[in-house]
Amino acid sequence: MKKSVLEVLNGHRQTVPPVWMMRQAGRYLPEYRAVREKAGSFLKLCFTPELAAEVTLQPVRRFGFDAAILFSDILVIPHALGRTVTFVEGEGPRLDPLKDALAVGKLKKVADGSVLAPIYETVRLVKAALPANTTLIGFCGAPWTVATYMVAGHGTTDQAPARLFAYQQPEAFAQMIDILVEASVTYLVGQFEAGVEAVQIFDTWAGVLPADEFERWCIAPTQKIVAGVRARVPGAKIIGFPRGAGFGLPVYVERTGVDAVSLDWSIDRDFAREKIQSRVPVQGNLDPLALRAGGAALDRAADNVMHAFSPKPFIFNLGHGILPDTPIAHVEQMLKRVRGN
Ligand code: CP3
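Given the structure is predicted, the values throughout are model-derived calculations rather than measurements. (Residues numbered from 1 in each chain as written. Predicted model: local features only at pLDDT ≥ 70, side-chain atom pairs only at ≥ 80, totals over all residues. Heavy atoms only, no water.)

Quick notes on the pairing of strand 7 (residues 260-263)
Here is step 1 of the chain: Residues of strand 7 alternate between two faces, with Ala260 and Ser262 on one and Val261 and Leu263 on the opposite face, all of them buried.
Here is step 2 of the chain: Of the crossover connections in this fold, the one passing from strand 6 (residues 238-242) over helix 12 (residues 249-256) to the parallel strand 7 is right-handed.
Here is step 3 of the chain: Across three bridges, the pairing between strand 7 and strand 8 (residues 282-284) is parallel. Paired with Leu263 across the two strands is Gly284, which belongs to strand 8.
Here is step 4 of the chain: Traced from strand 7 through helix 13 (residues 269-277) to strand 8, the parallel crossover comes out right-handed. (Buried < 20%, exposed > 50% of the residue type's maximum accessible area, 1.4 Å probe, protein only. Helix = DSSP H or I, 4+ residues; strand = E, 2+ residues; numbered from the N terminus. Right-handed = clockwise from strand over helix to strand, strands pointing away. Pairing = 2+ DSSP bridges.)

Below, the structure is given as structure tokens:
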């Protein structure tokens, strides 16, 4: 049986584009909230294979998505490098902020394999339970985006702490990025060996950097990860998601060697079609707020995305993660619109 997401990643357009959603396992689902409560903490959920596998499978069961994305978080890597990571209810991640070169020097050089082992077990459990035509996608955060949380200790809107750190202490920052590159390669290879069929590299904060800094802190490290993973997993399928990269996208595609690009919702569609989809398959672009809104606005937004990208290899997805207050009925409406049933 064919896996439509893998078909697209191999450059074969599907008559009906495959569909999945970033953050498809999450708080908009009552069955997720129930398991999340049972787990106690968010990290406990990530590190308990039976529970993480269950929430990975929930959206596939409910909606018949064409891909499952491993349930975990990008911040398990700083955790495996010896940083303290917690999640505060309703607020998001908290890490002990990484202030200077001294603190960078104290980072583990290699991610602790025993921290990551349960995540590989989750992959094995999910793989064994997935329908034959559903693709299993693994992921990691790109070094730049992970570093923004490590430096600030929490989410910010402009990533000023990490940008300032990179300007003031570029050598220490480069050292941190190098450690993250190595850890990410190990982590993604571990996921492939456990059974994922493609991976996505989330660079959520790529868009806050000037072009030269974007090349240095986003493109170059991602290129190293792609090469490092493919050296150990030949032909590994890799999707890049440099959110907000805008005019930097074509250079990103050319230099990193990713197989496909996930598009945020703000990109100009003609530009993306001409400069990106002419070279690699694309995914995404639906504004998560259009999904939140539902009704005619959602139909129109989904049609516009389909009209722009479905004539060529395309995976239907959002331009970023689904919002927790999105009604389930809107997801069903979106699927009907895309699949025409
Ligand atoms: O997409 C999926 O369904 C797979 C699981 C997944 C999660 N986080 C689960 C999660 C993935 C791929 C991520 C990636 C991630 N995590 C990114 C990159 C993509 C993006 O969304 O920007 C980032 C920046 C993080 C860091 C992170 N994790 C933040 C900022 C937060 C808090 C914000 C929020 O929505 O609460 C998290 C927590 C988190 N990660 C949740 C989920 C389902 C919500 C936690 C909960 O259930 O209480």
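Overview of the packing of aromatic side chains
Here is step 1 of the chain: Here the structure, examined in full by the defined rule, presents 15 aromatic pairs.
Here is step 2 of the chain: The interplanar angle of 10° and the centroid separation of 6.5 Å between the aromatic rings of Tyr28 and Phe63 together place this pair among those described as stacked. Of the two residues, Tyr28 is situated in the loop between helix 1 (4-9) and helix 2 (30-39) and Phe63 in helix 4 (residues 49-63); the sequence distance between them amounts to 35 residues. As far as burial versus exposure is concerned, Tyr28 and Phe63 are alike and both buried.
Here is step 3 of the chain: Considering the side-chain rings of Phe139 and Phe202, the 5.6 Å spacing of their centres and the 85° angle between planes classify their relative orientation as edge-to-face. One end of the pair, Phe139, is in strand 4 (residues 135-141); the other, Phe202, is in strand 5 (residues 198-203), and 63 residues separate them in sequence. Considered together, Phe139 and Phe202 belong to a single accessibility category, that of buried residues.
Here is step 4 of the chain: Joined through ring pairs, the aromatic side chains of Tyr32, Phe42, Phe71 and Phe87 make up one cluster. (Phe/Tyr/Trp six-rings, centres within 6.5 Å; stacked < 30°, edge-to-face > 60°.)

What to know about the sheet that holds strand 6
Here is step 1 of the chain: In spatial order, the strands read 1-4-5-6-7-8-9; together these seven strands make up an open sheet with parallel pairing. The sheet is open, and its two borders are formed by strand 1 (67-69) and strand 9 (314-315), each paired with just one other strand.
Here is step 2 of the chain: As paired strands, strand 8 and strand 9 are joined by two bridges and run parallel to one another. Residue Gln283 lies in a different strand from strand 9, and its bridge partner there is Ile315.

A closer look at the site of the ligand
Here is step 1 of the chain: Taken together, 22 residues lie around the ligand, and Arg23, Arg27, Tyr32, Asp73 and His320 are the ones closest in.
Here is step 2 of the chain: With respect to the ligand, the backbone of Ala25 contributes an N or O atom lying 3.3 Å from an oxygen atom.
Here is step 3 of the chain: Here an oxygen atom of the ligand and a side-chain polar atom of His320 are 2.7 Å apart.
Here is step 4 of the chain: A majority-of-atoms criterion places the ligand in the largest pocket.
Here is step 5 of the chain: Residue assignment for the shell around the ligand shows that the elements contributing at least two residues are helix 2 and strand 3 (92-95). (Near = heavy atom within 4 Å. Polar contact = N/O pair within 3.5 Å; in protein donor to acceptor, adjacent residues only side chain to side chain. 1 Å grid on protein atoms, 1.4 Å probe; cavity = no way out; pocket = protein on both sides within 12 Å on 5 of 7 lines; lining within 4 Å. Sits in = over half its atoms within 2 Å of the grid points.)

Here's the deal with helix 12
Here is step 1 of the chain: For helix 12, the full list of buried residues reads Leu249, Pro250, Tyr252, Val253 and Thr256. Seen from one end, helix 12 has its buried residues packed into an arc of 160°, which puts them on one side.
Here is step 2 of the chain: Those residues of helix 12 that are buried are in contact with helix 11 (211-232), strand 6, strand 7 and helix 13. (Arc of directions from axis to C-beta. Contact = heavy atoms within 4.5 Å.)

Some thoughts on the side chain of Asn285
Here is step 1 of the chain: The topology assignment puts Asn285 in the loop between strand 8 and helix 14 (288-293).
Here is step 2 of the chain: Classification of Asn285 as buried rests on a relative accessible area of 1%.
Here is step 3 of the chain: Side-chain polar atoms of Asn285 contact the backbone oxygen of Asp264, separated by 3.0 Å.
Here is step 4 of the chain: A distance of 2.7 Å separates a polar atom in the side chain of Asn285 from a polar atom in the side chain of Arg269.
Here is step 5 of the chain: Excluding residues that lie within four positions of it along the chain, Asn285 makes contacts with Leu263, Asp264, Trp265, Ile267, Arg269, Val305, Phe309, Asn317, Leu318 and Gly319.

As for empty space enclosed by the protein
Here is step 1 of the chain: Within the structure shown, the criterion is met by one cavity of 30 Å³ or more.
Here is step 2 of the chain: Estimates place the volume of the largest cavity at around 40 Å³.
Here is step 3 of the chain: For the largest cavity, the full set of lining residues is Pro242, Arg243, Gly244, Ala245, Gly246, Leu249, Ser262, Leu263, Asp264 and Ile267.
Here is step 4 of the chain: For the lining of the largest cavity, the residue count by class is five nonpolar, three polar and two charged. (Points joined across faces, edges and corners; volume = space filled by probe spheres on them. Nonpolar A, V, L, I, M, F, W, Y, C, P; charged D, E, K, R; others polar.)

Things to note about the layout of surface pockets
Here is step 1 of the chain: Volume-wise, the largest pocket comes out at about 1,400 Å³.
Here is step 2 of the chain: Taken together, 42 residues line the largest pocket, and the ones lying closest to its centre are Arg23, Arg27, Asp73, Tyr149 and His320.
Here is step 3 of the chain: Counting residues per element, the ones that place at least two in the lining of the largest pocket are helix 2, strand 2 (85-88), strand 3 and helix 14.
Here is step 4 of the chain: Per-element tally for the lining of the largest pocket: the top contributor is strand 3, with three residues.
Here is step 5 of the chain: Class assignment for the residues of the lining of the largest pocket results in 24 nonpolar, nine polar and nine charged.

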